[in-house]
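# An overview of the molecular structure
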Amino acid sequence: MSDTRAGSGSPDVADALERELIGYMDGWQKPPIEFWARLWSFQAEGCAELGRFWRARGYDKPPSSYNELLALPAIPTDAFRFADLHSVREPITAVFRTSGTTSGERGQHLRSRLRPYEHGARLAWQRFYGRTARAKWLSLAPAPQRAPDSSLGFMIQDLAVELEGAAVEWALRDTGLDVDACVAWCEAARQVDEPVVVFGTTYAFQRLLESGADGLELPRGSVLLDTGGMKRFGEAMEPSEYRVALSEAFGLSLINIGAEYSMTELSSQLYTPWFVDKTLEADALEPARPARYSPPPWCVVSVVDPDSLAPLPDGEAGIIRFMDAANVDTCAWVQTSDLGRVISADGDIEHLGRAPGAVPRGCSLVLEELESLR
Amino acid sequence: MMTELRPLGLEQILKEWPQRAPLQRVGRRELEDRWISVVAAAEALHSKLAGLVDGVEVSSDSTRVHELGGVSQLRTLMETLEGIDRRFGDELAGTLAPLPVRPCRATLSLLADTSPQALLEELAIFAWLGMPSLVRAPRGRWRVPAMFLLELRMLGLGDAISLVTWPHDRSDLLAEAIRRSAVVRVWGRRSTLELVQKAAVGSAATLEFFGPKLSVAVATELTDLALVAEDIVVMEQRGCFSPQHLFFDGELANDPGAALDSLAASLSELQEGSPRPRRAPGEAEIIRAAATRAEFGGGLLRTGAFGDLWYMASPSHLNLGAGCRSLSCSQLPADSRGLEALLSPVSGQLSAVASLAPLHAEMLAVFKRAGAWRFCRLGELQAGRPSAIHEGRCRLGGLLVYERWN
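Residues numbered from 1 in each chain as written. Chains lettered and ligands numbered in written order. Predicted model: local features only at pLDDT ≥ 70, side-chain atom pairs only at ≥ 80, totals over all residues. Heavy atoms only, no water.

### Some thoughts on the overall build of chain B
For chain B, the helix and strand inventory stands at 13 helices and 12 strands. Taken over 406 residues, chain B has a buried fraction of 55%. Excluding contacts between residues fewer than 6 apart, the proportion of contacts in chain B whose partners are at least 24 apart in sequence is 72%. As displayed, chain B offers around 17500 Å² of accessible surface, 52% of which is attributable to carbon and sulfur atoms. (Helix = DSSP H or I, 4+ residues; strand = E, 2+ residues; numbered from the N terminus. Buried < 20%, exposed > 50% of the residue type's maximum accessible area, 1.4 Å probe, protein only. Contact = heavy atoms within 4.5 Å. Areas by Shrake-Rupley, 256 points an atom, 1.4 Å probe, with all protein chains shown as cover.)

Okay, here's the thing in structure tokens:
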């Protein structure tokens with residue numbers, strides 16, 4: 001029986017697009033306009049909702065230039081809450097869900113092809129933070145066994161276990177963050193004295209800091225990755241105070257405290273580049289600066305006008321838009337409600353927070369939801 | 001209709017009042033009813049103010065309010081508001097200096113875009129009673145309230161009123177202003193109300209919140225939609241009388257797409273010669289979220305007419321972005337239970353309901369339970385009192401002050 005949620009695009013065409021994309025990923029290359037045009041045609045024809053969305057706005061043929069590509073309207077992340085946005089005629093094998101919004105509805109990203117996701121995620125991690133494998137990881141995000149629909153847990157599991165062969169301590173329990181387990185894990189890491197990795201949402205890290213727990217210092221060379229997310233309740237720390245507090249609590253240089261930017265509706269991840277790019281270390285050492293993120297070349301980031309959604313020149317602040325080729329099986333054109341500006345020719349962006357009026361969302365809400373149930 | 005796009009000044013309101021005031025048009029019985037309201041309102045005012053204003057006594061004679069301290073007391077109180085720049089439009093610079101003595105009995109009013117008229121009457125009576133008022137207007141949108149306050153000054157009532165703006169994120173200034181105030185009145189969105197509530201923790205001030213309000217319209221024929229368009233255009237969907245949701249009934253319910261197209265045509269006609277509306281911060285995101293729900297939730301979407309107003313037909317959702325330049329539409333539910341369910345997200349927030357066709361009594365009751373207090377014909381949604389009775393009842397100031405001025 002066919003999956004009614006699945007799209008109607010040919011799996012053979014999807015195979016060809018996927019193979020071509022993997023080639024660009026391996027070469028750390030931007031896909032050419034011809035690739036994007038084929039991907040657009042495939043998704044516009046394979047997903048009825050996407051085709052209708054673009055036709056309603058007068059887009060019925062693929063882009064023939066980079067400017068046309070950037071002008072293509074992107075699907076708002078909210079649309080993932082209301083429609084099955086899948087483009088290939090094949091069974092859905094994974095469903096990643098957003099952590100919820102203040103309106104209570106959860107978006108869902110239906111997947112049938114996770115290879116581009118996994119391949120791209122591994123390459124991006126290795127390029128920005130994972131040149132040396134670390135044997136121990138601590139996750140302040142939910143384990144895939146506990147939350148199989150969490151794309152963050154899926155990614156951490158894949159990078160830590162499948163890519164680096166590491167052991168992961170999942171410190172987010174059914175009752176919330178296990179602070180004692182975090183402290184014990186850090187103590188064990190110090191005993192071994194080998195660099196480790198800690199992944200977590202902003203909210204989880206703030207919970208850890210607010211607990212006042214001692215003994216979180218990590219071995220030299222360790223890295224700490226903040227995956228962002230909004231904080232709804234209580235007083236959020238100023239970003240600059242927050243990074244300094246993390247640095248002091250974990251005994252790490254600000255350069256070793258990085259951040260990852262992605263969302264359930266995407267397959268690719270952006271990372272703060274200062275850990276590998278010495279010319280950008282000043283960004284890390286000035287925590288009051290807005291966070292700078294580098295995308296992989298197959299994920300094009302642009303910024304559009306908050307009112308008209310027209311593309312803005314580099315350097316101007318607006319709403320962040322993604323073209324993520326690793327979303328081969330779903331929708332590559334994703335319109336966020338995040339503010340930012342493009343600050344380099346490679347598409348590095350400064351993330352400036354949520355757009356006014358946008359509802360809070362993000363992986364941080366997972367922990368908040370757990371706490372609200374206690 | 002279009003002349004009402006410009007703000008009304010106090011002098012104009014007073015000039016027009018005899019023609020607009022119910023007193024000029026009602027019969028003896030209604031006059032008596034109104035007099036009873038005046039008495040009740042004055043007694044409520046007495047209770048409200050007796051404990052608030054040092055040196056001011058409100059007599060038990062319900063229609064007369066005596067000021068004991070007079071202007072000198074007022075000036076003394078005002079002098080305690082050190083550090084406040086009272087020039088119109090100037091920003092409050094720096095942190096307010098701490099008061100040497102416990103609180104000056106001031107009122108603090110925080111305005112939303114559309115609220116200066118709602119504020120006017122109470123400001124006037126507080127000024128007359130000798131209570132200084134600090135009015136915070138949205139940044140960049142202080143001119144209209146300034147016009148109102150300037151006219152209060154010209155009437156000799158404005159010496160005690162200061163208009164300020166400050167950045168939205170300066171919660172320290174907000175908290176300090178609240179700490180100095182006996183009464184804090186806030187008009188705004190839920191987020192603003194929450195912000196003030198948080199800043200007022202530990203304060204002894206009385207908080208009066210006026211949250212978002214909206215109105216709805218019911219259209220049954222294509223010809224109705226020209227009138228709906230007029231109701232939309234007059235206040236740019238920002239007022240509590242603005243129709244944020246349109247119910248299709250009768251022939252329109254069968255073809256919502258044609259109804260939206262007809263509405264688009266009417267809005268386009270009105271657009272000519274009208275000023276382009278301006279979006280408030282965050283409005284685009286709120287509208288986009290509602291539009292995405294309509295477009296991907298099985299509804300219809302139109303954009304473009306009258307500036308870039310969005311309007312959408314959605315099977316089962318109301319537009320919750322009250323005060324945004326958007327309009328949601330849906331079929332009028334067949335029974336009162338369905339209507340009750342549809343209106344539940346905006347329970348208590350309805351202001352007015354407009355329809356040319358008579359509404360069934362059960363439907364009327366549901367609208368009333370959701371807060372509606374005014375029922376009128378299409379095209380007349382924005383023709384309420386110029387002083388914008390936000391809560392659907394006469395304001396105390398409206399009952400007392402205008403009587404005496406006239």
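### As for the packing of helix α1 (residues 11–26) of chain A against helix α5 (residues 115–128) of chain A
Pairs of packed helices are described in terms of their axes, by the angle between the two and the distance that separates them. Residue and element names in this part refer to chain A. In contact at an axis separation of 10 Å, α1 and α5 are set at 0° when each is read in the N-to-C sense. The angle between the axes of α1 and α5 places the two elements in the roughly parallel class. Contacts from Glu-18, Leu-21, Ile-22, Met-25 and Asp-26 of α1 reach α5 at Arg-115, Pro-116, His-119, Gly-120 and Leu-123. In the contact of α1 with α5, the residues fall into five nonpolar, two polar and three charged. (Axes fitted to C-alpha atoms, helices over the stretch in contact; angles between N-to-C directions. Parallel < 35°, antiparallel > 145°, perpendicular 65-115°, else oblique. Nonpolar A, V, L, I, M, F, W, Y, C, P; charged D, E, K, R; others polar.)

### Regarding the pairing of strand β14 (residues 318–324) of chain A
Residue and element names in this part refer to chain A. In terms of residue burial, β14 counts as a mostly covered element, since seven of its seven residues are buried. Bridge count between strand β13 (residues 299–304) and β14: six bridges; the pairing is antiparallel. Looking across to β14, one finds that Val-303 is bridged to Ile-320. Of the strand pairs in this sheet, β14 and strand β15 (residues 333–342) are connected by five bridges, and their pairing is antiparallel. (Pairing = 2+ DSSP bridges.)

### A short note on the nonpolar core
Core analysis: the biggest nonpolar cluster contains 50 residues, and Trp-36, Ile-75, Leu-85, Phe-322 and Trp-333 of chain A have the highest contact counts within it. Those elements that provide at least two residues to this core are α1, α2 (33–46), α3 (48–56), β10 (257–261), β13, β14 and β15 of chain A. If near-sequence neighbours (up to four positions away) are discounted, Ile-75 of chain A is found in contact with Leu-50, Phe-53, Phe-80, Leu-85, Cys-331, Trp-333, Val-334 and Gln-335 of chain A together with Phe-296 of chain B. With 30 residues, the next largest nonpolar core counts Ala-94, Phe-96, Ala-121 and Met-155 of chain A among its residues. (Core = buried A, V, L, I, M, F, W, Y, C linked by side-chain atoms within 4.5 Å.)

### Focus on the interface of chain A and chain B
Taken residue by residue, the interface counts 24 residues in chain A and 15 residues in chain B. At the boundary of chain A with chain B, total buried surface from both sides reaches about 1500 Å², with 52% on carbon and sulfur atoms. The tally of links from chain A across to chain B stands at one salt bridge. Here Glu-295 of chain B ties to Arg-57 of chain A by a salt bridge, and the two come within 2.8 Å at their closest N and O atoms. Listed by contribution, the elements that provide at least two residues to the side of chain A that touches chain B are α3 and β1 (75–76) of chain A. By residue class, the composition of the side of chain A that touches chain B is 13 nonpolar, three polar and eight charged. (Buried area = accessible area lost by both parts, 1.4 Å probe. Salt bridge = Lys/Arg side-chain N within 4 Å of Asp/Glu carboxyl O.)

### Comments concerning the pattern of salt bridges
Residues and elements named next belong to chain A. The tally for this structure, following the rule as stated, stands at 26 salt bridges over all chains. Notably, a salt bridge pairs Lys-278 with Glu-281, separated by 3.4 Å at the nearest N-O pair. Here Glu-281 falls in the partly exposed class, since its relative accessible area comes to 21%. One network of salt bridges, in which partners are shared, links Asp-283, Glu-286, Arg-289, Arg-292 and Asp-348.

### A look at the sheet that holds strand β11 (residues 270–271) of chain A
Residue and element names in this part refer to chain A. What the six strands build is an open sheet, ordered β5-β4-β8-β9-β10-β11; its pairing is mixed. The open sheet is flanked by β5 (167–170) and β11, the only strands paired with a single partner. Note: strand β8 (residues 197–200) against strand β9 (residues 223–226), four bridges, orientation parallel. Looking at the pairing, Gly-200 lines up with Asp-226 of β9.

### Regarding the side chain of Thr-330 of chain A
Topologically, Thr-330 of chain A is positioned in the loop between β14 and β15. With residues up to four places along the chain from it excluded, the contact list for Thr-330 of chain A reads Gln-43, Leu-50, Leu-85, His-86, Ser-87, His-109, Leu-110 and Arg-111 of chain A.

### Quick look at the confidence of the model for chain A
In the predicted model, chain A carries a mean pLDDT of 89, and 91% of its residues have values of at least 70. The model gives residues 361–374 of chain A a pLDDT under 50, and that stretch makes 51 contacts with residues more than four places away or in other chains. (pLDDT = per-residue confidence, 0-100.)

### Some thoughts on the packing of helix α8 (residues 202–210) of chain A against helix α9 (residues 239–250) of chain A
Residue and element names in this part refer to chain A. One can describe the packing of α8 onto α9 by two numbers: an axis separation of 11 Å at closest approach and a directional angle of 55°. Between α8 and α9, the angle is such that the two are oblique. By crossing handedness, the relation of α8 to α9 is classed as left-handed. Only Tyr-242, Ala-245, Leu-246, Ala-249 and Phe-250 of α9 make contact with α8, whose side of the interface consists of Thr-202, Phe-205, Gln-206, Leu-208 and Leu-209. Residues belonging to the contact of α8 with α9 are distributed by class as follows: eight nonpolar, two polar and no charged. (Left-handed = near helix turned anticlockwise from the far one by under 90°.)

### Considering unusual backbone geometry
Residue and element names in this part refer to chain A. Even without glycine at this site, Trp-28 takes up a positive phi of about 50°. On the secondary structure map, Trp-28 appears in the loop between α1 and α2. For Trp-28, a relative accessible area of 22% translates into the label partly exposed. Despite not being glycine, Asp-193 has its phi angle at roughly 60°, a positive value. If you trace the backbone, Asp-193 turns up in the loop between α7 (179–192) and β8.

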